[in-house]
Structure formats: C-alpha cells, structure tokens
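# Working through the structure, step by step
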Amino acid sequence: QVQLQESGPGLVKPSQTLSLTCTVTGGSITNNDYYWSWIRQPPGKGLEWVGAIGDSGSTNYRPSLKSRTSISRDTSKNQFSLQLNSVTPEDAGVYYCARGDGGSWNSRVSFGSWGQGTQVTVSS
C-alpha cells in the first residue's frame, strides 16, 4: 500500500517561493511507471493539476505555471518536491501529492493514491 504525505510551510508571503515535499512509503519513486504528481485546489474551485515528475526524472507542468514551477526528486529519501516561485494569492489552496498510473502525465491518468493535502496560505 503506497502512502504519500505532504510537508512544508503553510504560510508563504507574496512574491516568495513555495516549497513542498512529498514523502512516499510503500512504493518507490524510482518506479518510472508512475507519474509522481502535484495537484492543488484553490478555495471554491476545482482540482488543478500542477505538474509531475516521471520516467527517468522527466517533468511536465501546467502551461500557465511552467515558468514558475520546478518538480524534483530525491531518490535516496524517496521524496519528490514542488517549488513554485513568485507566489500570489491566486496560488493559495490545498496542495496534494498523488501517484498517477497510466495515461500520459494528466491525460487519462488514474490518481489512485493521494496525500492528505496541505493548506497553503499566501499572505503578507
């Protein structure tokens, strides 16, 4: 049973960088059959795919966020991380890490395993 858990600061100031880490147990992030993904949900809105890291460390990002986003992995710690630069209040919400299976990146992907989510507030 794979488990994922997000960690990182819950409060970020505007223009600064959001850094979150997902710790994975029960499965290896070196298993490149999966998309190790970040998904967020702004208040009152639906789920929004942020990006993912997959085969051999390849990455893909939501186009509107690409210039500000970086996803990396630390295989020795079985963790993958999200860095989102220059945050604004529009970046606030609940951030989830998830494991995607099948499809391609976020197309026809089954996100069967999720972290519990972490609330991110953007405020000065």
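Just so it is clear, the structure is predicted and the values come from calculations on it, not from any experiment. (Residues numbered from 1 in each chain as written. Predicted model: local features only at pLDDT ≥ 70, side-chain atom pairs only at ≥ 80, totals over all residues. Heavy atoms only, no water.)

What follows covers the pattern of salt bridges. The tally for this structure, following the rule as stated, stands at five salt bridges. The partner of Arg40 in a salt bridge is Glu48, with the nearest N and O atoms 2.5 Å apart. Here Arg40 falls in the buried class, since its relative accessible area comes to 6%. For Asp91, the salt bridge goes to Arg40, with nearest N and O atoms at 2.9 Å. With Asp91 in the loop between β8 (79–84) and β9 (93–101) and Arg40 in strand β4 (residues 34–41), this residue pair connects regions lying 51 residues apart in the sequence. With respect to class, Asp91 is no different from Arg40; both count as buried. Salt bridges sharing partners connect three or more residues here, namely Arg40, Glu48, Arg62, Arg68 and Asp91. (Salt bridge = Lys/Arg side-chain N within 4 Å of Asp/Glu carboxyl O. Buried < 20%, exposed > 50% of the residue type's maximum accessible area, 1.4 Å probe, protein only. Helix = DSSP H or I, 4+ residues; strand = E, 2+ residues; numbered from the N terminus.)

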